[in-house]
Amino acid sequence: MAVIATFRNKIAFQVTTASQVIFRNGKLDLIAIMTILLFLSYAHTSWYVRIPISIIAGVAFIYSPLRTRAAFWLIITSILIFGSYQRWYAIDNHKYLMTYWSLAIFCSLLTDDPEKSLAFNGRLLIGLSFLFAVFWKVTSLEFMDSTFFQYALLVDDRFSGVATLLGNLSDNFIDINNNARLTLMNYANSLKSVQLETTPRIRDLAIALTWWTILIETLIFIAFLLPVGKFISKWRDYFLIVFIVSTYLIAPVIGFGWLLVVMGIAQSSDRSGRVQLLYILSFLVLQIYRFPWGILF
Amino acid sequence: MDKTLKIKNTLFMIIAPTVLCIIAFVQIFNAYEYNLSPWKGGGFGMFSRVDAPSARYLKVYLITDKDEDAIRTPKSLRDLERKFVTFPTQGLGSQFAKGIIAIVGDALDFDYVRVEAWKYRFDMKSERLEGVKLQEVFLENPSK
């Protein structure tokens, strides 16, 4: 027992030390660095966003006080708003969320307590985005009866790994389904429907994914929108970390996951730094997901 | 803390979440009223329905009194095509059809152009993808 207690204390000491090193320059600076890195990697593909962001972010890495200046974040936010406005019909939802997050940093730096304001914004932006995500899912019959996930497993490239591994969908069936889909969409084709190929396990997998998604997303929006410390809000960080680690393993939208990690760190009220460390570990896990694992199988 | 400062702090704290809510409500309205794809527009409807922009497609026909021919979207109109299938309004459809007439109007002989925005749905029982027409725009070739 004494050996176990010593070991536990040693681990606790190491975790605390690691947290202290990570937050040495303050939480705000860490959030600024992670956000700038995120924008550099995933903000937009359009040159009129990518190039100015690269220049400004580069300057902020050399001259660190810039990272916590409101004017700096106003410029970043303006570039993101311009980019999002130009391509509003094409960009993904997390690009919108990145813009809101940049706006939140700018606004928070104008308040008396930027860390408190950023924590409030992080919690609300996560809670609200999951609330709307759950709204769209529960009002969709094709989601609730698992049609959506069956379809996604059969034709969406992002799900092909899990469809092959857990759904027994062969490469041949994946090719047939993709060809059928492209045939239906061909400009010169007058076909009104096409047949897809599936397996019995795809249906079971789709049902499991449907209910897991509804459960975890509902827990997150409730936990993040409830007042801090009330009911399940105490476990909100753990729900979000489980979501990040599980969801992006199957559908690797790394930019979204990274943004959730940054906002998660910003809003976490854990003073020991352990939860923030878990967020950083989940960020590292996200990077591991980017490896081309498919070539191993 | 004085009252004005408190109000200023509160205002700055709620700007970003308020913008998120406004854009999400506008997106929900456009999706239900004008067939905007639930995946786009900032309403967080991704992975909730089959109806992503990648499940939408366009058919363009050049029509004469005898026949109609399907044509591929010219490269210069690809971006407008994407916008139109994602948000298939009459206005964007007309803009696209005018673009077609401007590009091929002189080179090809036709009386009208018809542009159709489609999406497909997945029928779980039959395991088939089925096309559903979302919008149709019909425009006369003014040079005829």
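Figured I'd write up the structure that's included with this text. (Residues numbered from 1 in each chain as written. Chains lettered and ligands numbered in written order. Predicted model: local features only at pLDDT ≥ 70, side-chain atom pairs only at ≥ 80, totals over all residues. Heavy atoms only, no water.)

## What to know about helix H8 (residues 147-155) of chain A
Turning to step 1, where the next piece is worked out: Of all nine residues in H8(A), nine are buried, a share of seventy percent or more.
Turning to step 2, where the next piece is worked out: Within the span of H8(A), buried status applies to A:Thr147, A:Phe148, A:Phe149, A:Gln150, A:Tyr151, A:Ala152, A:Leu153, A:Leu154 and A:Val155.
Turning to step 3, where the next piece is worked out: The secondary structure elements touched by the buried residues of H8(A) are helix H7 (141-144), helix H9 (160-165), helix H10 (171-185) and helix H11 (200-225) of chain A together with strand S3 (112-123) and strand S4 (128-140) of chain B. (Buried < 20%, exposed > 50% of the residue type's maximum accessible area, 1.4 Å probe, protein only. Helix = DSSP H or I, 4+ residues; strand = E, 2+ residues; numbered from the N terminus. Contact = heavy atoms within 4.5 Å.)

## Thoughts on the interface of chain B and chain A
Turning to step 1, where the next piece is worked out: Contacts between chain B and chain A engage 59 residues on the former and 58 residues on the latter.
Turning to step 2, where the next piece is worked out: Note on chain B versus chain A: buried area summed over both sides is about 5600 Å², and carbon and sulfur give 64% of it.
Turning to step 3, where the next piece is worked out: Applying the counting criterion to the chain B and chain A interface returns two salt bridges.
Turning to step 4, where the next piece is worked out: Across the pair B:Lys40 and A:Asp92 runs a salt bridge whose closest N-O atoms are separated by 2.7 Å.
Turning to step 5, where the next piece is worked out: Between the two partners, chain B and chain A, sit 29 residue pairs in polar contact (both at pLDDT 80 or more).
Turning to step 6, where the next piece is worked out: Of all the secondary-structure elements, those providing two or more residues to the side of chain B that touches chain A are helix H1 (3-34), strand S1 (56-63), strand S2 (68-71), helix H2 (78-86), S3 and S4 of chain B. (Buried area = accessible area lost by both parts, 1.4 Å probe. Salt bridge = Lys/Arg side-chain N within 4 Å of Asp/Glu carboxyl O. Polar contact = N/O pair within 3.5 Å; in protein donor to acceptor, adjacent residues only side chain to side chain.)

## Re the packing of helix H2 (residues 27-42) of chain A against helix H5 (residues 93-108) of chain A
Residues and elements named next belong to chain A.
Turning to step 1, where the next piece is worked out: Two elements in contact, H2 and H5, have axes whose closest approach is 12 Å; the angle formed by their N-to-C orientations is 145 degrees. Crossing hand, H2 versus H5: left-handed. Within the contact between the two elements, H2 uses Ile31, Thr35, Leu38, Phe39 and Tyr42 and H5 uses Lys95, Met98, Trp101, Ser102 and Ile105.
Turning to step 2, where the next piece is worked out: Its residues assigned to classes, the contact of H2 with H5 comprises seven nonpolar, two polar and one charged. (Axes fitted to C-alpha atoms, helices over the stretch in contact; angles between N-to-C directions. Left-handed = near helix turned anticlockwise from the far one by under 90°. Nonpolar A, V, L, I, M, F, W, Y, C, P; charged D, E, K, R; others polar.)

## Some remarks on the pairing of S2(B)
Residue and element names in this part refer to chain B.
Turning to step 1, where the next piece is worked out: Summarising the sheet, S1 and S2 pair through four bridges and their orientation is antiparallel. Looking across to S2, one finds that Leu62 is bridged to Asp69.
Turning to step 2, where the next piece is worked out: If you look at the hairpin formed by S1 and S2, you'll find four residues sitting between the two strands. (Pairing = 2+ DSSP bridges.)

So, to be careful, I would describe these as geometric facts and stop short of saying anything about function.
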